[in-house]
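# Understanding the architecture of this molecule
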Amino acid sequence: MGHHIESLDEMAHRDSREEARSRREEKKKKSKKARMSSSKEAVATDNDEEDNEVDDDSIENVDEDGNQLLPELTTVRSKMLLVIASIERSFSSIRGGEATPELFDNVRVSAYGEIVSLSSVGQVVIEDAQRATISCYDPSVANDVRDAVRDMPGLSLNPYLEEGGSGVVIIPIPRVSEETRKEIVKELGRQAENGRQRIRKIRRSAMDIVKKGKDGKLEGISKDDAFRVGKDVDSVTEEVLSVLNDIVDKKQKSVMED
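Right, let's walk through the structure included here. Just so you know, these numbers come straight off a predicted model, no measurement behind them.

## Topic: the pairing of strand E1 (residues 108-111)
What you see with E1 is a clean split: Val-109 and Ala-111 sit on the buried side and Arg-108 and Ser-110 on the side with no burial. Of the pairings in the sheet, the one linking E1 to strand E2 (residues 114-117) comprises 4 bridges and is antiparallel in character. Residue pairing for E2: Ser-110 is matched across the bridge by Ile-115. Once E1 ends, the chain turns through 2 residues before running back antiparallel as E2, passing Tyr-112 with a positive phi of about 60°.

## Notes on unusual backbone geometry
Positive phi outside glycine occurs at Tyr-112, with the angle close to 60°. Here Tyr-112 lies in the loop between E1 and E2.

## With respect to the nonpolar core
The biggest cluster of nonpolar side chains holds 32 residues, and the ones touching the most others in it are Val-76, Met-80, Phe-91, Ile-199 and Val-240. Secondary-structure elements contributing two or more residues to this core are helix H4 (73-91), helix H6 (178-214) and helix H7 (223-257). For this core, the leading source of residues is H7, giving 10 residues. Apart from residues lying up to four places away in sequence, Ile-199 is in contact with Met-80, Val-83, Ile-84, Thr-237, Val-240, Leu-241 and Leu-244.

So, how was this worked out
- Along each chain, the written sequence defines residue order, and numbers are assigned to residues from 1.
- pLDDT decides what is reported in this predicted model: residues at 70 or higher carry local features, side-chain atom pairs at 80 or more are listed and counted, and totals for whole chains, interfaces and linings draw on all residues regardless.
- The side-chain numbers reported here are obtained from all heavy atoms of the structure, hydrogens and water having been left aside.
- Only protein chains enter the accessibility calculation, which uses a 1.4 Å probe. A residue is then buried if its area is under 20% of the maximum for its type, exposed if over 50%, and partly exposed in between.
- Only DSSP runs of H or I reaching four residues or more are called helices, and only runs of E reaching two or more are called strands; each is numbered from the N terminus.
- Strands pair, by our definition, only if DSSP identifies at least two bridges between them.
- What is meant by a nonpolar core is a set of buried Ala, Val, Leu, Ile, Met, Phe, Trp, Tyr and Cys residues, joined one to another through side-chain atoms within 4.5 Å.
- It only takes one pair of heavy atoms within 4.5 Å for two residues to be counted as in contact.

By themselves, these are just geometric observations and shouldn't be taken as functional.
Set out below in structure tokens:
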């Protein structure tokens, strides 16, 4: 799954970065009024571009004069893939049977006066099915790492420090009952449905623009082009939803069978 996340991230963020650069170039050419109306959005994008691209499900495509254009298929696909990548990252911390290092991917540690990722302060090793260890690069943060692992939501872990001040955090991994696994499967389904809704929201945003083109309300855009883009958007939506369904099915089976 990790490799799949990386490939999705690479595809989605590559398209998003190219789109962002293109938007910035276009904004420079727009009129003063158009620049003023988009200034707040541009500041937010510059401050935290990646997070905003993940959360922003709207589709926008304009020419140098600020006229609305049909949605770019690469933009639609990249936004949908970012939704899937986000879901896969959240799935990585959910387990049914045997623990994996990915279980701790989302752990954030309060250390050195800031919040940092667990991987930046220690290395996770799965010793066996019921035991994991975290070797802290700096033993002074071991208590902070222990507390961060203990506070992981929904896992009820009870980590403790190895004696001798070695900076090693020992984490007993409890067995997961069948009843708990079934609840996990339901939660995976809820997360998946949230993802489907976001993907459909992206589609609706794109199709709202397509409808204007079909109705002849976009200057310089033919109805034939609008119909073609609409079909392409539907095709991409079906493709991405199929990928999401496959990911969810595999994860749910893994939870029940591992």
